[in-house]
Amino acid sequence: MHNNIENIYNNLIANEKLKNGTKYERITAVVYKLLEETNTVFHDLRLRGNGKKAKHQIDVTIEKDSRTKRILVECKEYDKVVGIGIVRDFFGAVCQIKPDEAVVVTTKGFTKGAIDFANDEGIKLAILREAEDSDWDGLIRKVKINATVITIGTPTITWLAINEEAIEDVRNLLGEDWGKVETKGTFDEYLYNSNHEVISNYEEVLNPVLNKAKRIPNERTEETFEFEETVFIKMHGHYIPVIGFDYEFTSGKSTLEVNVDDGGKVAVLLFEILNNESRSLIFQHQIEKWKFAENGEVINKI
């Protein structure tokens, strides 16, 4: 166990020489930081209670809500279960410092005596160890979603003139081009005001209207949209006033199968709080973005 945790620390945080158990303590500090990044997390502080003379070495200290709430964590990287003596000794520090919460974290588990004592005194117990394939049991790794998408075909737009007289004027301007269907790029064609200044491109006007239009698979939609005031379009070099447009399109339906999974992420640790049955898998990409400041605070590497 020791070598595995040490390798995780060396590979993802920093390859440095530290005394036995220290890397496990630091890994624990990183886990608490990434589980709630707004917290301030320190490794290896010496604390004493108000009015007390004795100082206590605390493996991990978490400060929440701008330091108004404090959590103390005792870490034990053992190859066997933790007994009542460890929890009882930690309780001595807890009694003097009086944190909001206290937790003992270890690798294997706890004896019944340790569990009973922790429950009596309100101390939480947790497991932090290397993740195994079996830890995925009961956790969703992949979700298959069948999505039905209703799409629209290429719409046909017919601009609406102000009146019959305007239609005749346009007919005379366009000559042989009158009535022809043209394909236009919605980003490169524009609407203009009465001074022939650009208001917006076709995309900005047509897209919201078409998105709100009813779509019935395999049926044709035909509707009209009117502007609040007259605008101008440009056709064959001429500015033509319009009051809106008719649009029509045919809708289609397709079904997509989408797989949502863990994205190939590598789970390296399991963190489990025994008292409330909370389990979290900790991934490589989560751990490797943290480091330690000189004062022991967990900080971002960036």
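Here, the structure is the one placed above.
Cut-off values and rules
- Residues numbered from 1 in each chain as written.
- Predicted model: local features only at pLDDT ≥ 70, side-chain atom pairs only at ≥ 80, totals over all residues.
- Heavy atoms only, no water.
- Helix = DSSP H or I, 4+ residues; strand = E, 2+ residues; numbered from the N terminus.
- Buried < 20%, exposed > 50% of the residue type's maximum accessible area, 1.4 Å probe, protein only.
- Contact = heavy atoms within 4.5 Å.
- Areas by Shrake-Rupley, 256 points an atom, 1.4 Å probe, with all protein chains shown as cover.
- Lys, Arg positive; Asp, Glu negative; His and termini not counted.
- Charge placed at Lys NZ, Arg CZ, Asp CG, Glu CD.
- Arc of directions from axis to C-beta.
- Core = buried A, V, L, I, M, F, W, Y, C linked by side-chain atoms within 4.5 Å.
- Phe/Tyr/Trp six-rings, centres within 6.5 Å; stacked < 30°, edge-to-face > 60°.
- Lys NZ or Arg CZ within 6 Å of the ring centre and 35° of its normal.
- Salt bridge = Lys/Arg side-chain N within 4 Å of Asp/Glu carboxyl O.
- Polar contact = N/O pair within 3.5 Å; in protein donor to acceptor, adjacent residues only side chain to side chain.
- Pairing = 2+ DSSP bridges.
- Axes fitted to C-alpha atoms, helices over the stretch in contact; angles between N-to-C directions.

Visitor: Quick one: what's the story with the overall build of the protein chain, residue by residue and with numbers?
Guide: Looking only at helices and strands, the protein chain features seven helices and 15 strands. When its C-alpha atoms are laid out on the principal axes, the protein chain stretches across 100 × 40 × 40 Å. In the protein chain, which comprises 302 residues, the share counted as buried stands at 37%. Taking the intrachain contacts of the protein chain between residues at least 6 apart in sequence as the baseline, contacts between residues at least 24 apart amount to 60%. A total accessible area of about 18000 Å² is found for the protein chain, and carbon and sulfur atoms account for 45% of it. Here the protein chain contributes 39 positively and 51 negatively charged side chains, and the mean placements of these two sets differ by 14 Å.

Visitor: Provide a residue-level description of helix H4 (residues 112-121), including the pertinent values.
Guide: Taken residue by residue, H4 has Ala 114, Phe 117 and Ala 118 as its buried positions. The arc that holds the buried residues of H4, viewed along the axis, is 100 degrees, so those residues lie on one side. In H4, the exposed positions that point more than 90 degrees away from the buried face belong to Lys 112 and Asp 120. Check the buried side of H4 and you find it contacts helix H3 (84-97) and strand S5 (124-130).

Visitor: Which residues make up the nonpolar core, and what values go with them?
Guide: Core analysis: the largest hydrophobic core is formed by 31 residues, its most contacted members being Ile 27, Val 73, Val 105, Leu 269, Phe 271 and Ile 287. No other element matches the seven residues that helix H2 (residues 22-35) contributes to this core. In this structure Val 105 touches Tyr 24, Thr 28, Tyr 32, Val 73, Glu 74, Cys 75, Lys 76, Ala 126, Leu 128 and Phe 271, once residues within four positions along its chain are discounted. Counting 21 residues, the second largest nonpolar core, distinct from the first, contains Ile 97, Phe 110, Phe 117 and Ile 123.

Visitor: Describe the packing of aromatic side chains, naming the residues involved and giving the relevant values.
Guide: Aromatic ring pairs are described here by two measures, namely the spacing of the ring centres and the angle between the planes. Per the counting criterion, the structure on display carries 10 aromatic pairs. When the centroid spacing of 5.8 Å and the interplanar angle of 85 degrees are considered together, the rings of Phe 225 and Phe 227 count as edge-to-face. Its relative accessible area of 17% is what places Phe 227 among the buried residues. Measuring from ring centre to ring centre gives 6.0 Å for Phe 245 and Tyr 247, while their planes differ by 55 degrees; the resulting arrangement is tilted. The class for Phe 245 is buried, based on a relative accessible area of 0%. Three or more aromatic residues joined by ring pairs form one cluster here, namely Trp 159, Tyr 202, Phe 225, Phe 227, Phe 245, Tyr 247 and Phe 249. The ring of Phe 292 carries Arg 26 above its face, with NZ or CZ at 4.3 Å from the centroid.

Visitor: I'd love a proper account of the pattern of salt bridges, names of residues and values included.
Guide: Counted according to the given criterion, the structure contains 11 salt bridges. When the shortest N-O distance is used, the salt bridge between Lys 64 and Glu 36 registers 2.9 Å. Taken together, the positions of Lys 64 in strand S2 (residues 56-64) and Glu 36 in the loop between H2 and strand S1 (40-47) put the pair 28 residues apart, joining distant regions of the chain. Looking at Lys 64, the relative accessible area reads 12%, which means it is buried. Judged by its relative accessible area of 34%, Glu 36 falls in the partly exposed class. We note a salt bridge from Glu 101 to Lys 124, for which the minimum N-O separation is 3.3 Å. Taken together, the residues span a long stretch of sequence, with Glu 101 in strand S4 (residues 101-106) and Lys 124 in strand S5 at a distance of 23 residues. We classify Glu 101 as partly exposed; its relative accessible area is 23%. Here the residues in one salt-bridge network are Lys 69, Glu 101 and Lys 124, joined through shared partners.

Visitor: Please set out helix H5 (residues 164-174) residue by residue, giving values where relevant.
Guide: Given 3.6 residues to a turn, an α-helix orients residues that are three or four positions apart in the same direction. Among the residues of H5, Ala 166, Val 170 and Leu 174 are the ones counted as buried. Taken around the axis of H5, the buried residues stretch over an arc of 65 degrees, which confines them to a single face. Structural note: H5 exposes Glu 164, Glu 165 and Asn 172 on the side pointing more than 90 degrees away from its buried face. The opening residue of H5 is Asn 163, an N-cap whose side-chain oxygen sits 3.2 Å from the backbone nitrogen of Glu 165. Backbone geometry just downstream of H5 places Gly 175 in the positive-phi region, at approximately 55 degrees.

Visitor: Can you break down the sheet that holds S1 residue by residue, with the values?
Guide: Pairing is mixed across the open sheet formed by seven strands, whose spatial order is S1-S2-S3-S4-S5-S12-S13. The open sheet is flanked by S1 and strand S13 (278-283), the only strands paired with a single partner. On average, adjacent strands in this sheet sit at an angle of 25 degrees to one another, irrespective of strand direction. Pairing geometry for strand S12 (residues 267-273) and S13, over six bridges, is antiparallel. If you follow Ile 273 over to S13, its bridge partner there is Ser 278.

So yeah, pure geometry; function would need other evidence.
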